[in-house]
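As a plain string of letters, each chain reads:
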Amino acid sequence: MIALLELAQEGETQNPLLPAVPEIVIGLIAFFIVFGFLTKKLLPNINKVLEERREAIEGGIEKADAAQTEAQSVLEQYKAQLAEARHEAARMRQEALEQGTVLKEELRAEGQRQREEIIAAGHAQIEADRKQAAQSLRQDVGKLATDLAGKLVGESLEDHARQSRTIDRFLSELEEKAEAAR
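All of these numbers come straight from a predicted model, not from anything done at the bench. (Residues numbered from 1 in each chain as written. Predicted model: local features only at pLDDT ≥ 70, side-chain atom pairs only at ≥ 80, totals over all residues. Heavy atoms only, no water.)

Notes on the overall build of the protein
Phase 1 of the analysis: Looking only at helices and strands, the protein features three helices and zero strands.
Phase 2 of the analysis: When the elements of the protein are put in sequence order from the N terminus, they spell out α-α-α.
Phase 3 of the analysis: Out of the 182 residues belonging to the protein, those deemed buried represent 3%.
Phase 4 of the analysis: Taken as a whole, the protein presents about 16100 Å² of accessible surface, with 61% of it coming from carbon and sulfur. (Helix = DSSP H or I, 4+ residues; strand = E, 2+ residues; numbered from the N terminus. Buried < 20%, exposed > 50% of the residue type's maximum accessible area, 1.4 Å probe, protein only. Areas by Shrake-Rupley, 256 points an atom, 1.4 Å probe, with all protein chains shown as cover.)

This is the structure in C-alpha cells:
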C-alpha cells in the first residue's frame, strides 16, 4: 500500500488501473466495517445453523442406528418365535400321530373283540341249531323206526316209554360207532 501511495505522488498523472488513495482508504474502511458486521452478526448465525444441521444429521444417524438395532432385535425375536412355533407344530404333529396310532390300535382291538363275540355267538347259534336238528331228527327217526318195526313184527309198539328207551339206545349205539370211526 505504501508503494501505491508513493507511485501516486510521483506521477501525478492518474493511472487508470490504480484508484486514487482516498478511494483506497475509504474502500478499506468500508471493507473492514462490512467484514466486522459479517463476523459479529452473520457468522454466528451461520455457525448456529451449521451446528443445528450437524446435530440433526448426527441425531438422524443415531436414530437410524437405534432403529436398525431395534429392527434387528425384533427380527431376532420373530425368528425365535417362528422357531418356537415350528417346534410346537412338530410336537403337535407328533402327538396327533401318536394319538392316531393309539386310536387305531384301540379300534383294531375293539373290532377284534366284536369279531370274536360274533364268531362265538355264531358258534353258539350253530351248536343250538345242531342240537335242535339232532333232537328233531331223533324224534323223526324214532317215529319212523317204531312204525317200521311195528309193521315188521306185526303188532303196534305204542308204549311210549319203551319206545323212547329203544330209540335212545339205538341212537346212542350209532353215535358211539360214529365216534369210534373217527
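Don't stop here, the text continues.
Structural notes on the packing of aromatic side chains
Phase 1 of the analysis: Taken as a whole, this structure holds two aromatic pairs when the rule is applied.
Phase 2 of the analysis: Arranged with centres 5.6 Å apart and planes meeting at 65 degrees, the rings of F31 and F32 form a pair that is edge-to-face.
Phase 3 of the analysis: For F32, a relative accessible area of 53% puts it in the exposed group.
Phase 4 of the analysis: Ring plane angle 20 degrees and centroid distance 6.0 Å describe the contact between F31 and F35, whose orientation is recorded as stacked. Taken as a pair, F31 and F35 lie in helix 2 (residues 21-153) at a separation of four residues, close to a single helical turn.
Phase 5 of the analysis: One aromatic cluster in this structure is built from F31, F32 and F35. (Phe/Tyr/Trp six-rings, centres within 6.5 Å; stacked < 30°, edge-to-face > 60°.)

Quick word on the confidence of the model for the protein
Interpretation of the predicted coordinates at a detailed level should be avoided for regions scoring low in pLDDT.
Phase 1 of the analysis: Averaged over every residue, the pLDDT of the protein is 83; the share at 70 or more is 84%.
Phase 2 of the analysis: Per-residue pLDDT, averaged within each element of the protein, yields its smallest value for helix 1 (residues 2-10) (57) and its largest for helix 2 (88). (pLDDT = per-residue confidence, 0-100.)

Remarks on the pattern of salt bridges
Phase 1 of the analysis: One pass over the full model with this rule turns up eight salt bridges.
Phase 2 of the analysis: In this structure, the salt-bridge partner of R54 is E51, at a minimum N-O distance of 2.0 Å. Placement of the pair is R54 and E51 together in helix 2, with a separation of three residues, close to one helical turn.
Phase 3 of the analysis: Of the residues examined, R54 reaches a relative accessible area of 38% and is grouped as partly exposed.
Phase 4 of the analysis: Given the relative accessible area of 32%, E51 is considered partly exposed.
Phase 5 of the analysis: Here R108 makes a salt bridge to E105, at a shortest N to O gap of 3.0 Å. With R108 and E105 both in helix 2 and three residues apart, the pair spans about one turn of that helix. (Salt bridge = Lys/Arg side-chain N within 4 Å of Asp/Glu carboxyl O.)

Examining a nonpolar patch on the surface
Phase 1 of the analysis: There is a patch of nonpolar side chains on the surface, built from V34, F37, L38, L42, L43, I46 and L50 and spanning about 620 Å² of accessible area.
Phase 2 of the analysis: In this fold, L38 is placed in helix 2. (Patch = residues over 30% accessible without salt bridge, like charges linked within 9 Å, V, L, I, M, F, W, Y side chains within 5 Å.)

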